[in-house]
Amino acid sequence: MEIISQNRAFGGTQSVISHRSFSCHCDMTFGLFLPEEAQFGDVPVLWYLSGLTCTHENAMVKAGAQQWAAEQGIALVFPDTSPRGEDVADDEAYDLGKGAGFYVNATQDPWAKHFNMWDYIAEDLPSLLQEEYPLDMTRQAITGHSMGGHGALTLAMSLPGRFRSVSAFAPISNPTASDWGRKQLASYLGNDESKWTAHDATLLMAERGFGGPVLVDTGTSDQFIDLLRPEALAAASNARRQEATLRLQKGYDHSYFFVSSFMEEHIAFHAEALYAD
């Protein structure tokens, strides 16, 4: 591991760290915010998964999460969105390849060697964090934006007992029925659509739901709302009678202005679950 940078923030420390990833077979970079309480003992963890074109840095700099995490005594993890490096496959399109890992384990060439973002988030990075930092891995929650919202929801529903709560900002909610999904799932997983269903939050909600509280915000002026399909997730959640708050926020778009506007509420939502006995 290499500490690339370290800055004091809201009484805690914001670090950027590079390490060798066993699952992605390349060097990966992530952001980690530790609140002041981490000096005295293990603290709960909130994962933030970013969207298309992003790195670890976007949310770390733009979301305004550290202030609210410091108030609640919660650590924040900001992973990258894809493997990186000169030998990592890429595509000219912004929505495939580097910056667009979609939080799946690719099975198709040329992606299969490096694009194992599911294992990276579910196994690789948590193992490293548990070994190296004062984190209480029995108290984890997860959130994300857009493609990262898709990842947060699918990971939470597929790893029962791992996360106490899940939230999302403008998630890609039904990728098997969206151009933000079908292209990537076919490229990474192949044309057998039965292999895509494990990575569709709407289908997972209908099949198994989530064992804790769910919070999802989407802006009514989101320029990508037809690709996000929030109505599909809402229908599946209602049919299942899932414990969930699914909100359409009037006038908000897809940007980090939207994310930062509701970040305080999302962190408070997770804090309630993380500190519940």
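Details of the structure are given in the entry above.
Described below are features of the structure shown in this document. (Residues numbered from 1 in each chain as written. Predicted model: local features only at pLDDT ≥ 70, side-chain atom pairs only at ≥ 80, totals over all residues. Heavy atoms only, no water.)

## Let's talk about the overall build of the protein chain
Across its full length, the protein chain holds nine helices and nine strands. What you see for the protein chain is a C-alpha radius of gyration of 17 Å, in line with the 19 Å of a compact globule of 277 residues. Projecting the C-alpha coordinates of the protein chain onto the three principal axes gives extents of approximately 50 × 45 × 35 Å. When each of the 277 residues of the protein chain is scored for burial, the buried share is 59%. Across the protein chain, the fraction of contacts at a sequence separation of at least 24, relative to all contacts at a separation of at least 6, is 73%. Element-wise, carbon and sulfur atoms account for 46% of the exposed surface of the protein chain, whose accessible area totals about 11,500 Å². (Helix = DSSP H or I, 4+ residues; strand = E, 2+ residues; numbered from the N terminus. Rg over C-alpha atoms; globule rule 2.2 N^0.38 Å. Buried < 20%, exposed > 50% of the residue type's maximum accessible area, 1.4 Å probe, protein only. Contact = heavy atoms within 4.5 Å. Areas by Shrake-Rupley, 256 points an atom, 1.4 Å probe, with all protein chains shown as cover.)

## Some thoughts on the packing of helix α2 (residues 65-72) against helix α9 (residues 256-274)
Following both chains from N to C, one finds α2 and α9 inclined at 30°, their axes separated by 9 Å at the closest point. Taken together, the axes of α2 and α9 are roughly parallel relative to one another. Between α2 and α9 lies a crossing whose hand is right-handed. Contact with α2, carried on its side by Ala65, Trp68, Ala69 and Gln72, involves Met263, Glu264, Ile267, Ala268 and Ala271 of α9 and no other residues of that element. Looking at the contact of α2 with α9 residue by residue, the classes come out as seven nonpolar, one polar and one charged. (Axes fitted to C-alpha atoms, helices over the stretch in contact; angles between N-to-C directions. Parallel < 35°, antiparallel > 145°, perpendicular 65-115°, else oblique. Left-handed = near helix turned anticlockwise from the far one by under 90°. Nonpolar A, V, L, I, M, F, W, Y, C, P; charged D, E, K, R; others polar.)

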